[in-house]
Amino acid sequence: MLTEKELKELRDALINSARPLIFFDDDPDGLCSFLQFYRLNPESHGVVFKKAGSLNTDFLRKVEEYQPDTIFILDIANVDQEFLDGAKNVYWLDHHTPSERRNVKYYNPMINSKGKDNRPVSYWAYKVARESTWLAMAGCVGDWFLPEDIRQSFEEEYPNLIDKKIKTPEHALFESPIGLLARALSFILKGMTKEVMAVIKVLTRIKDPNEILDQSSSKGKFIWKKYKKMEVIYKSLIDSVQVTEDKIILFKYSNDKTSLTSDLSNELLFKYPKKFIIIAREKNGEMKCSLRSSKYEVRPILEKALKDVQGYGGGHLHACGAAVKIMDFNRFLENIRQQL
């Protein structure tokens, strides 16, 4: 876990920053982490990280443009040393496999717990900012985690958003209103960065989750409309998935503008927990993959599958992302199949 000293360091750095610049991952965990930090310091300027790979020197231009006094990195697994060397006063909060870097204040619960604690960044953002149980719950549930210590306060404040009978994160994600909200937040992160940041700006003005779920305000209606538009595309894709007796559910699609691999793999994992899920999107000569399994440990399987192919990837024990050159994709699949 993160210590109280570490949480206080992050909190003080955020409160005392006059021009904080925050890079965050483009999923509900990253988004809800940013929104909680924003609530603690509304001077925060966010940059959603939508690029495959690592936060690299390309993003130093954002630093040059904004001239921050403090930089925060939330829920981004890979950050190049060259980026950190070109930036100043950087705080990096993550929960993926720990990295060794210089010129950064690094916070990761995996370190103190010897790899056992990978609770989402939105969980720790709540401990830092002490703001908004619904954002913490939406981010955690969207990242396949149910924070029982936050849940108690959340249920008292929003008793209609999760049933007491729900005991697992997957059921919370697909069978509760807070799960619906988490999926809606994931969908509105799709598309061009400029458009996404415009939606996120509206989100910073949302005070209550029911504004979105009940469309009870103009801002909530705007967010819901964005979600429903993407849901049409999503439904057409998931309805095309074919499930057989094979151990693997493989679904390939091509869409240059919209990545729904993570969302598709999560729902298929919920419906077919004994399968090994591979969702692959063709883009720029690569297959961008999302891999999930409850039965198998995905990360070590992925690491071995990548050894003799052109590609990269990583993530959590049972949920990973990867990118593999199209010419090597069949070999990559065979490498996975052999291990299963």
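Residues numbered from 1 in each chain as written. Predicted model: local features only at pLDDT ≥ 70, side-chain atom pairs only at ≥ 80, totals over all residues. Heavy atoms only, no water.

> Go over the overall build of the protein chain, please, and point to the residues and values.
Counting secondary structure elements, the protein chain contains 16 helices and 10 strands. Rg of the C-alpha trace for the protein chain: 19 Å, near the compact-globule value of 20 Å for 340 residues, within the 12% margin. Along the first, second and third principal axes, the C-alpha atoms of the protein chain reach 55 × 45 × 35 Å. A buried classification covers 54% of the 340 residues belonging to the protein chain. Relative to all contacts within the protein chain whose residues are 6 or more apart in sequence, the contacts with residues 24 or more apart total 58%. For the protein chain, the exposed area adds up to about 16000 Å²; of that, 48% sits on carbon and sulfur atoms. A distance of 2 Å separates the average location of the 52 positive side-chain charges in the protein chain from that of its 48 negative side-chain charges. (Helix = DSSP H or I, 4+ residues; strand = E, 2+ residues; numbered from the N terminus. Rg over C-alpha atoms; globule rule 2.2 N^0.38 Å. Buried < 20%, exposed > 50% of the residue type's maximum accessible area, 1.4 Å probe, protein only. Contact = heavy atoms within 4.5 Å. Areas by Shrake-Rupley, 256 points an atom, 1.4 Å probe, with all protein chains shown as cover. Lys, Arg positive; Asp, Glu negative; His and termini not counted. Charge placed at Lys NZ, Arg CZ, Asp CG, Glu CD.)

> Give me the sheet that holds strand β6 (residues 248-254): which residues, what numbers.
With mixed pairing, the 5 strands of this open sheet are ordered in space as β6-β7-β8-β10-β9. Looking along the sheet, the strands with just one partner apiece sit at the ends: β6 and β9 (311-315). Geometrically, the sheet is characterised by an average inter-axis angle of 15 degrees between neighbouring strands, direction not taken into account. (Pairing = 2+ DSSP bridges. Axes fitted to C-alpha atoms, helices over the stretch in contact; angles between N-to-C directions.)

> I'd love a proper account of the nonpolar core, names of residues and values included.
One finds F37, L93, L203 and L264 to be the most contacted residues of the largest nonpolar core, which totals 75 residues. Filtering out sequence-adjacent residues up to four positions away, L93 remains in contact with L2, L10, F37, I73, L74, D75, Y107, V121 and W124. Formed by 22 residues, the second largest nonpolar core is a distinct cluster that contains I278, V309, V324 and F332. (Core = buried A, V, L, I, M, F, W, Y, C linked by side-chain atoms within 4.5 Å.)

> Can you explain the pattern of salt bridges? Please cite residues and give values.
Here the structure, examined in full by the defined rule, presents 17 salt bridges. Between D85 and R102 there is a salt bridge; the shortest N-O distance is 3.9 Å. Separated by 17 residues along the polypeptide, D85 in helix α4 (residues 81-86) and R102 in the loop between β4 (90-93) and β5 (105-107) bring together distant segments of the chain. You can call D85 partly exposed: its relative accessible area is 41%. For R102, a relative accessible area of 52% puts it in the exposed group. A salt bridge links E148 to R151, with the shortest nitrogen-to-oxygen separation between them at 3.6 Å. Here E148 and its partner R151 are both found in helix α8 (residues 148-157), 3 residues apart, which amounts to about one turn of the helix. Its relative accessible area of 46% is what places E148 among the partly exposed residues. (Salt bridge = Lys/Arg side-chain N within 4 Å of Asp/Glu carboxyl O.)

> Now, about the environment of A182: what can you tell me, with residues and values included?
Tracing the sequence through the fold places A182 in helix α10 (residues 177-187). For A182 and I73, which are 109 residues apart along the polypeptide, the C-alpha to C-alpha distance reads 21 Å. Setting aside residues up to four positions removed in sequence, A182 forms contacts with P28, A138, G142 and L173.

> Hey, could you go over unusual backbone geometry for me, with residue numbers and the actual values?
The residue K114 is not glycine, and still its phi comes out positive at about 55 degrees. Tracing the backbone shows K114 in the loop between α5 (109-112) and α6 (121-129). Phi is positive for N284, which is not a glycine, with a value near 50 degrees. Tracing the chain through its elements places N284 in the loop between β7 (276-283) and β8 (286-292). Judged by its relative accessible area of 66%, N284 falls in the exposed class.

> Any chance you could break down the packing of aromatic side chains for me, citing the residues and the numbers?
All told, the structure shown has 20 aromatic pairs when counted by the stated rule. Relative to F59, the ring of F49 has its centre 5.4 Å away and its plane inclined at 55 degrees; by these criteria the two rings are tilted. Residue F49 is located in strand β2 (residues 45-49), and its partner F59 is located in the loop between β2 and α3 (60-66); the two are separated by 10 residues in the primary sequence. F59 carries the same exposure label as F49, and that label is buried. Every member of this aromatic cluster is reached through a ring pair, and the members are F23, F49, F59 and F83. In this structure, R19 packs its charged tip against the face of Y66, placed 4.1 Å from the ring centre. (Phe/Tyr/Trp six-rings, centres within 6.5 Å; stacked < 30°, edge-to-face > 60°. Lys NZ or Arg CZ within 6 Å of the ring centre and 35° of its normal.)

Just geometry here; none of it tells us what the structure is for.
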